[in-house]
Each structure stands twice: as C-alpha cells, then as structure tokens.
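Spelled out, the chains give:
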Amino acid sequence: MVKTEDDPLDPHPVAAMRETVAAMRYLDEKVTEFGGVALRYGAFYGDPDDGMVEAVRQRKFPIVGDGGGVWSFIHLDDAAAATVIALEHDGPAIYNIVDDDPAPTSEWLPFLAEVVGAKPPQRYPRFLARIFAGEAPVVMGTESRGASNAKAKRELGWTPTYASWRRGFVEAYASTEPGLPAAASPTGNGRRREREAGGVRS
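Keep in mind the model is a prediction, meaning the values are calculated, not measured.

**Considering the overall build of the protein chain**
Okay, step 1: Broken down by element type, the protein chain carries 8 helices and 12 strands.
Okay, step 2: Accessible area for the protein chain stands at about 11000 Å²; split by element, carbon and sulfur atoms hold 54% of it.

Take a look at the structure:
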C-alpha cells in the first residue's frame, strides 16, 4: 500500500493517466541520467485557495467505492524546505517528498470535510463514479498507493514540520467561523477543538 522510490511507477495506468505517468517516468530518467535529483511530491495542501478544499466544502469530492485508495500529502512549506535541501545534495537520486502518514481516502476525506466545516462527503459506487467522472478519479479513490519518505529523511536529513495531514489540515483550513462544525484535534487523543465566537477552547 506504500511505495518506495525503488518501486516502479504504475506500468499499466488507465488511459486518462498514461500521459502523466509517462511524463513522470521521463523526468525521473532524464534528471538522474545527468546526475541530478528528482523529487516526487505528494498531494500539495496549505494554500488558502486550494481547489480541492473548495470541492470538499461543496460536497463535490466523493468517496468512491470503499475509499481504499491511499494518498500521501505534503504541506507546501515542507515541500519548499525539502526542495531547498535537495538543491545542495549530490545525485543521481530520486526522493519521495511526502509526510509520514499515508492514508486511504475513506479516512482523510471525512476528516478534511469536518475540518473545513462541510457535511460528510457523499459516497458513490465505482460504476456510477466512472460514468460521471471517468476512470482516473475512480482509480485515485480506490486503488492509488501512498509513498514512503524514509529515503528522503535518511539521505537528505529532511523532516517534515507537518508529519501528518491530520495536524496540517487543521492548521491550514480549520474554520473559526461560529456555527460551523469544530475541527478535529490533531493530537489523536480523542479531544475536540471547539471554536466559538468568543475564542478557542481545547
């Protein structure tokens, strides 16, 4: 469910993803061929105007099937920090720049919806999602695999400030508007962070 840099990219991507996968493979090969460092970033987040967040707020980002597709995220600040470090590192090398917490869609998507004060995501069976959205979103939601950052941490000496999207989503997107659902606490100890008109109470 979690891949390292030594694992090959998808050898048989669906039609809608073939060009993207081919481009990634080409860049990996050409950059390392000339002794450079190639970085494979996870799904970016942290931008206040993130289109994915807006889709979640509008319930346009559903859970497809069992939501078993695993995603790896990276906060924009951590991606920038890793890039700066990599610029000073000798190649050839390929590194996954992701956080420590790959997770299935069925786990991270409801969490994000709660954080941004949205209703729970809708759920669609695979066949219905394929009709309306196409094969690529179905694969991303049900079959995608996460990535390991162990090599980047070991060889680059890089550690993400936001080790998990659980904390990162809260700090980047949690609503402070009264009347919206409270964001889940990133501590993982079951407490809730309540945001009210008069302030914040943990």
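**Topic: the pairing of strand E2 (residues 37-41)**
Okay, step 1: Here E2 shows one buried face, formed by Ala38 and Arg40, and one open face, formed by Val37, Leu39 and Tyr41.
Okay, step 2: In the sheet, E2 pairs with strand E7 (residues 93-97) via 5 bridges, with the strands oriented parallel. Opposite Tyr41, over in E7, you have Ile97 as the bridge partner.

**Section: the side chain of Thr142**
Okay, step 1: Secondary-structure assignment places Thr142 in helix H6 (residues 135-142).
Okay, step 2: Sequence-distant contacts of Thr142, defined by excluding residues within four places in its chain, comprise Val64, Gly65, Asp66, Gly68, Gly69 and Arg126.

**What about the side chain of Ser72?**
Okay, step 1: Among the secondary structure elements, Ser72 is positioned in the loop between strand E5 (70-71) and strand E6 (73-75).
Okay, step 2: Among the residues examined, Ser72 registers a relative accessible area of 9% and is labelled buried.
Okay, step 3: Reaching out from Ser72, the side chain makes a polar contact with the backbone nitrogen of Ala147 at a distance of 2.8 Å.
Okay, step 4: Among residues more than four places away in sequence, those in contact with Ser72 are Gly42, Ala43, Val98, Pro102, Gly146 and Ala147.

**Structural notes on a nonpolar patch on the surface**
Okay, step 1: Together, Tyr41, Phe44 and Leu76 make up an exposed nonpolar region whose accessible area comes to about 260 Å².
Okay, step 2: Residue position: Leu76 is located in helix H3 (residues 76-87).

**As for the environment of Ala152**
Okay, step 1: Tracing the chain through its elements places Ala152 in helix H7 (residues 150-156).
Okay, step 2: Residue classification places Ala152 among the buried residues on the basis of a relative accessible area of 0%.
Okay, step 3: Sequence-wise, Ala152 and Val98 are 54 residues apart; in three dimensions their C-alpha atoms are separated by 9.0 Å.
Okay, step 4: Once residues within four sequence positions are removed from consideration, Ala152 is found in contact with Glu5, Tyr95, Asn96, Ile97, Gly157 and Trp158.

**Comments concerning the packing of aromatic side chains**
Where two aromatic rings form a pair, the distance of their centres and the angle of their planes describe that pair.
Okay, step 1: Taken as a whole, this structure holds 12 aromatic pairs when the rule is applied.
Okay, step 2: When the ring of Phe61 is compared with that of Trp71, the centres are 6.1 Å apart and the planes differ by 55°; the resulting orientation is tilted. Pair noted here: Phe61 is in the loop between helix H2 (51-57) and strand E4 (63-64) and Trp71 is in strand E5, with a separation of 10 residues, a long-range link. Exposure class is identical for Phe61 and Trp71. Each is buried.
Okay, step 3: In this structure an aromatic cluster arises from ring pairing among Tyr45, Phe61, Trp71, Phe73, Trp108, Phe111, Trp165, Phe169 and Tyr173.
Okay, step 4: Across from the ring centre of Tyr95, 5.3 Å away, lies the NZ or CZ of Lys151, which sits over that ring.

**Let's talk about the packing of helix H5 (residues 126-133) against H6**
Okay, step 1: Where H5 contacts H6, the two axes come as close as 7 Å, and the packing angle between them is 140°. Looking at the two axes, H5 sits oblique to H6. The segment H5 lies against H6, with Arg126, Ala129, Arg130 and Ala133 engaging Glu135, Pro137, Val138 and Thr142.
Okay, step 2: Taken together, the residues that form the contact of H5 with H6 break down as 4 nonpolar, 1 polar and 3 charged.

**Some thoughts on the layout of surface pockets**
Okay, step 1: Of the volumes computed, that of the largest pocket is approximately 1200 Å³.
Okay, step 2: Broken down by secondary-structure element, the contributors of at least two residues to the lining of the largest pocket are helix H1 (18-33), E2, E5, H6 and strand E10 (146-147).
Okay, step 3: When residues in the lining of the largest pocket are grouped by element, the largest group, 6 residues, is from H1.
Okay, step 4: Here the lining of the largest pocket is composed, by residue class, of 21 nonpolar, 7 polar and 7 charged.
Okay, step 5: In this structure, the second largest pocket spans a volume of roughly 310 Å³.
Okay, step 6: Together, 17 residues line the second largest pocket, and Lys60, Pro62, Val64, Ala133 and Pro137 are the ones closest to its centre.
Okay, step 7: Mapped onto the lining of the second largest pocket, the elements with two or more residues apiece are H5 and H6.
Okay, step 8: Its residues assigned to classes, the lining of the second largest pocket shows 12 nonpolar, 3 polar and 2 charged.

Calculation notes
- Residues numbered from 1 in each chain as written.
- Predicted model: local features only at pLDDT ≥ 70, side-chain atom pairs only at ≥ 80, totals over all residues.
- Heavy atoms only, no water.
- Helix = DSSP H or I, 4+ residues; strand = E, 2+ residues; numbered from the N terminus.
- Areas by Shrake-Rupley, 256 points an atom, 1.4 Å probe, with all protein chains shown as cover.
- Buried < 20%, exposed > 50% of the residue type's maximum accessible area, 1.4 Å probe, protein only.
- Pairing = 2+ DSSP bridges.
- Contact = heavy atoms within 4.5 Å.
- Polar contact = N/O pair within 3.5 Å; in protein donor to acceptor, adjacent residues only side chain to side chain.
- Patch = residues over 30% accessible without salt bridge, like charges linked within 9 Å, V, L, I, M, F, W, Y side chains within 5 Å.
- Salt bridge = Lys/Arg side-chain N within 4 Å of Asp/Glu carboxyl O.
- Phe/Tyr/Trp six-rings, centres within 6.5 Å; stacked < 30°, edge-to-face > 60°.
- Lys NZ or Arg CZ within 6 Å of the ring centre and 35° of its normal.
- Axes fitted to C-alpha atoms, helices over the stretch in contact; angles between N-to-C directions.
- Parallel < 35°, antiparallel > 145°, perpendicular 65-115°, else oblique.
- Nonpolar A, V, L, I, M, F, W, Y, C, P; charged D, E, K, R; others polar.
- 1 Å grid on protein atoms, 1.4 Å probe; cavity = no way out; pocket = protein on both sides within 12 Å on 5 of 7 lines; lining within 4 Å.
- Points joined across faces, edges and corners; volume = space filled by probe spheres on them.

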